Each structure stands twice: as structure tokens, then as C-alpha cells.
Amino acid sequence: MTKYPLIDGHNDLALRLRMHFKNKLSNFSIHDNSNFATDIRRLAAGHVGGQVFAAYVLCTAQDKDAVRLTLEQIDVIRRMCTENPEMELVTTAEGMRNSTKIACLISIEGGHSIDSSLPALRMFYQLGVRSMALTHNCNTPWAESSASLYPNYQRKNNSLTDFGKAVVNEMNRLGMLVDLSHSSWETARSVLKHSTAPVLFSHSSAYAICNNVRNIPDDLLLLLKENGGLIMVNFYSSFVACSHNANVSIVADHFDHIKRVIGAESIGIGADYDGAQGFPKGLEDVSKYPALIEELISRNWTEEELAGVLRLNFLRVSFYLFFKNSYSLLSCSQ
């Protein structure tokens, strides 16, 4: 992990900052904070070289103030990553690859954040967003969620509308990763058939090991393989063990299964720290990633395979997209 520092595909620290500190960074110690799963000290201990931080707003903001709230979450991520010398905001795969700090990439978690506006999507890109999940736990007018918690935009046989395809097209054109975690299987299937660029599941696990609808069945994994995309395995106990009693071994079972189905080159890590409550014993926070790598080594995973899982697979998918628009944006501190 010293040779191949981890790039993790999904972290919700920004949500915790909003919930507990109203995004006032002066009231929060990012270097050492035991109340959360993420801080700089433990990121360093976990050999994290890159982190995708999610700008997430609740589904209850849909059709109301979701765009403004998303801007505020992007702002707090940008400030966090430019005001701490151990961190660096990046907007290109080259920047992520070459950074000697904890490189930060910004994602949006939920298509409701763009309020069905392609201009809003483009402006988020200009602010440094390089990935967007098409849904969270609510449907949008143009894509379906895997969850049924909200009554928004219920429909049948139209999992990705024409506008939804336009969103995917525009993300492909811009060089923005299409994230299918939280999308329904039918929406994911439609996107995988439509997208001209690799997509990712930024924090999802294997349905064959834990039959939660947030996880990915084998037929979608095979479509993902054809697409050239990536599944970044989630550590949340309810998604890996279908219970609160999980350990490092059951997480490793997900990696083994996905490797058997589509190969190690299609796998990454998207632990979902600070986005959920309840992680496996031995994987409680961001310092614990080495425990998983040790378990995979004991299962005869090769250095080449683990180098891919840790960072090279994500960089491959990112290079494909980000080179379309590979200029770096100025950070807030400049």
C-alpha cells in the first residue's frame, strides 16, 4: 500500500460536517476526530492516497433547494481539500496519479442535485465535480432508484428516459464518471447499454453474497465488464453480510466472487465511511484498509491484482474519461 496508495471511491465526511458543524470547518478538527470514521491522521494510517468525497443532499430537497445545497456541499469539500496542507484538490486522473498528498476528487451523490438541468450539470463540472450518481434513495424524473423510500416519480417500464440518456451523453462528453450505485437494476442496465464510456458503481457489493438490492447481480457485473467499468466494493455491514455481524472475511468474499465473475481488473474499493453506521469488525474506519489487503493476500491475490484494486483500475477508468477535458481548475486558495 506504500507502493500503491489507495484511491477510495466514496466517502461522506462532507455530510457529517453539515449535520454536526453546519459546514463550519473552524469548529472541526479534520486532523484527529474520533467522532467520525474519517480524519487526516487515520487516512494516512490507512495508506489512502486519493479519496472521492461525495456532495450529498437529502432527497427531500428534490424540486426545492437541492442545487443550492449541493453547491454548499461542493464548497465545503473544496475548502477542506485546499486549506489543509496534507490534502490536495484534483480534477484530472493525472492529478490523482501524481499527487503526493491525499488527493481529493468531488462527486455528486444523486441526480436530484441537478434539478433536471444540463446547464446545472455543466456548471458543477466547472466547479470540479468529476462524478455523479444518477440517483440516491429517490427516483428523479428521468432515472430510477434501487430504493422505494420516497414516492417521487413512480413509473413503470421507463427506467431511463430520453432526458436521462441526454444526461449520460453529456457526462460522457464532459468527461464525468457516471455512477450507478443507488440506481435500480433496470436503470443500471439501460445506462450500461447506452453509455459510450466506462461507468462505475462507486460503493456497491455483490448481490450473490448479500442479496440486498443495493448490490449488483452477476448479469449486471457481466455488462459492466463489457463496458470496461468498475465496481468499488462497499464495506457497510448491511450490504456485505445482510446483517450487523460482519468481519473482514465476509468483505473479502465479495472481492473473491466479483473476481471470479469478471476479473480483478474490474474491482476497486468504495467503503462508504461516514455515509452509514455499522461497519465490519476490523474495518471500523479509514485506518483499517490494510486489514482487508492482508486478508486478500492470504487468499493468494497477486501484487498486480491488488495494485489494480487499490488504485490502478480507478485510474484506468478515469484516464479514459478525464483526458477528454484534462485542464486543472484553480483551487479556492488561488
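Within each chain, residue numbers correspond to sequence positions counted from 1 in written order. Totals for whole chains, interfaces and linings use all residues, but because this is a predicted model, local features are given only for residues with pLDDT of at least 70 and pairs of side-chain atoms are given and counted only at 80 or more. Values shown for side chains rest on all heavy atoms present in the structure; no hydrogens or waters enter the calculation.

A.B. asks: Is there a simple way to think about unusual backbone geometry in this case?
C.D. replies: A negative phi angle is the norm for most residues apart from glycine, just as the trans form is the norm for most peptide bonds. We note that His182 has phi near 85 degrees; this positive angle belongs to a residue other than glycine. Secondary structure elements follow DSSP: runs of H or I of four or more residues count as helices, runs of E of two or more count as strands, with numbering from the N terminus. Checked against the element boundaries, His182 lands in the loop between β6 (177-179) and α7 (185-194). Owing to a relative accessible area of 8%, His182 belongs among the buried residues under this scheme. A positive phi angle is found at Asn300, which is not glycine, with a value near 75 degrees. Tracing the sequence through the fold places Asn300 in the loop between α11 (289-298) and α12 (303-322). Summary of the burial criterion: residues with accessible area below 20% of their type's maximum are buried, those above 50% are exposed, and those between are partly exposed, where the area comes from a 1.4 Å probe applied to protein chains only.

A.B. asks: Where do I start with the environment of Gln126 in this structure?
C.D. replies: Checked against the element boundaries, Gln126 lands in helix α5 (residues 118-126). For Gln126 and Gly278, which are 152 residues apart along the polypeptide, the C-alpha to C-alpha distance reads 35 Å.

A.B. asks: Explanation requested: the pattern of salt bridges in the structure shown.
C.D. replies: It is possible for side chains of opposite charge to pair when their charged atoms get near one another. Basic side-chain nitrogens of Lys or Arg form a salt bridge, by our definition, when they fall within 4 Å of a carboxyl oxygen of Asp or Glu. Tallied over the full model, the rule gives 17 salt bridges. Here Arg18 makes a salt bridge to Glu72, at a shortest N to O gap of 2.8 Å. Placement of Arg18 in helix α1 (residues 13-21) and of Glu72 in helix α3 (residues 66-82) is noted, with a sequence separation of 54 residues between them. Take Arg18: its relative accessible area is 27%, and that puts it in the partly exposed class. The salt bridge partner of Asp32 is Arg41, with a shortest N-O separation of 3.4 Å. Residue Arg41 is classed as partly exposed on the basis of its relative accessible area of 45%. Among the charged side chains, a salt-bridge network with shared partners connects Arg18, Asp65, Arg68 and Glu72.

A.B. asks: Would you mind showing me how to read the pairing of strand β4 (residues 102-109) here?
C.D. replies: Working note: regular strand, side chains alternate between the two faces of the sheet. For β4, the buried fraction is high: 8 of the 8 residues fall into the buried class. Residues Ile102, Cys104, Ile106 and Ile108 of β4 are buried on one face, and the alternating residues Ala103, Leu105, Ser107 and Glu109, pointing to the opposite face, are buried as well. The criterion for strand pairing is that DSSP finds at least two bridges linking the strands in question. Across 6 bridges, the pairing between strand β2 (residues 48-55) and β4 is parallel. Considered in β4, the bridge of Phe53 is made with Ile106. When the strands point away from the viewer and the path from the first strand over the helix to the second turns clockwise, the crossover is right-handed. Where the polypeptide runs from strand β3 (residues 87-89) across helix α4 (residues 93-98) and back to β4, its parallel neighbour, the crossover connection is right-handed. With 4 bridges connecting them, β4 and strand β5 (residues 129-133) associate as parallel partners. In the sheet register, Ser107 faces β5, and the bridge partner there is Ser131. Crossover β4 to β5 through α5 is right-handed.

A.B. asks: When you look at the pairing of strand β1 (residues 6-11) in this model, what are you seeing that I'm missing?
C.D. replies: Counting buried positions along β1 gives 6 out of 6 residues, so the element sits mostly inside the fold. Bridge count between β1 and β2: 4 bridges; the pairing is parallel. Looking at the pairing, Asn11 lines up with Phe53 of β2.

A.B. asks: Explanation requested: the side chain of Ser204 in the structure shown.
C.D. replies: Turning to its location among the elements, Ser204 is positioned in the loop between β7 (200-201) and α8 (218-227). Here a polar contact is recorded for every N or O atom pair within 3.5 Å, except that within protein the pair must consist of a potential hydrogen donor and a potential acceptor, and residues adjacent in sequence are included only if both atoms are side-chain atoms. A distance of 2.7 Å separates polar atoms of two side chains, one belonging to Ser204 and the other to Ser181.

A.B. asks: Explain the packing of α5 against helix α6 (residues 162-174) to me, please; I cannot follow it from the model alone.
C.D. replies: With their axes 11 Å apart at the nearest point, α5 and α6 run at an angle of 25 degrees to one another. As the angle between them shows, α5 and α6 are arranged roughly parallel. In the crossing of α5 with α6, the sense of the turn from one axis to the other is right-handed. Contact with α5, carried on its side by Leu118, Leu121, Arg122 and Tyr125, involves Phe163, Ala166, Val167, Glu170, Met171, Arg173 and Leu174 of α6 and no other residues of that element. Each residue is assigned to one of three groups, with Ala, Val, Leu, Ile, Met, Phe, Trp, Tyr, Cys and Pro labelled nonpolar, Asp, Glu, Lys and Arg labelled charged, and all others, Gly among them, labelled polar. Considered class by class, the residues forming the contact of α5 with α6 number 8 nonpolar, no polar and 3 charged. As a rule, the C-alpha atoms of each element are fitted with a line to give its axis, helices using only the stretch in contact, and angles between N-to-C directions run from 0 to 180 degrees. Angle categories: roughly parallel below 35 degrees, roughly antiparallel above 145, roughly perpendicular from 65 to 115, and oblique for all the rest. Handedness of each helix crossing follows the sense of rotation of the near helix against the far helix: counterclockwise by less than a right angle gives left-handed, clockwise gives right-handed. By definition in these notes, contact holds between two residues if any of their heavy atoms fall within 4.5 Å.

A.B. asks: It is not clear to me how the state of the cysteines should be interpreted in this structure. Could you clarify?
C.D. replies: Think of a disulfide as a covalent bridge from one cysteine sulfur atom to another cysteine sulfur atom. When two cysteine sulfur atoms lie within 2.5 Å, the pair is treated as a disulfide. On inspection of all chains with the given rule, the structure shows 3 disulfides. Residue Cys81 pairs covalently with Cys104 via a disulfide, S to S 2.4 Å. Across the S-S bond of Cys81 and Cys104 the torsion is about -95 degrees, and the bridge reads as left-handed. Separated by 23 residues along the polypeptide, Cys81 in helix α3 and Cys104 in strand β4 bring together distant segments of the chain. For the pair Cys81 and Cys104, one class covers both residues: buried. The disulfide partner of Cys210 is Cys242, and the S-S distance across this bridge is 2.0 Å. Negative torsions about the S-S bond denote left-handed disulfides, and the value of about 110 degrees found for Cys210 with Cys242 makes this one right-handed.

Geometric values such as these leave the question of function open.
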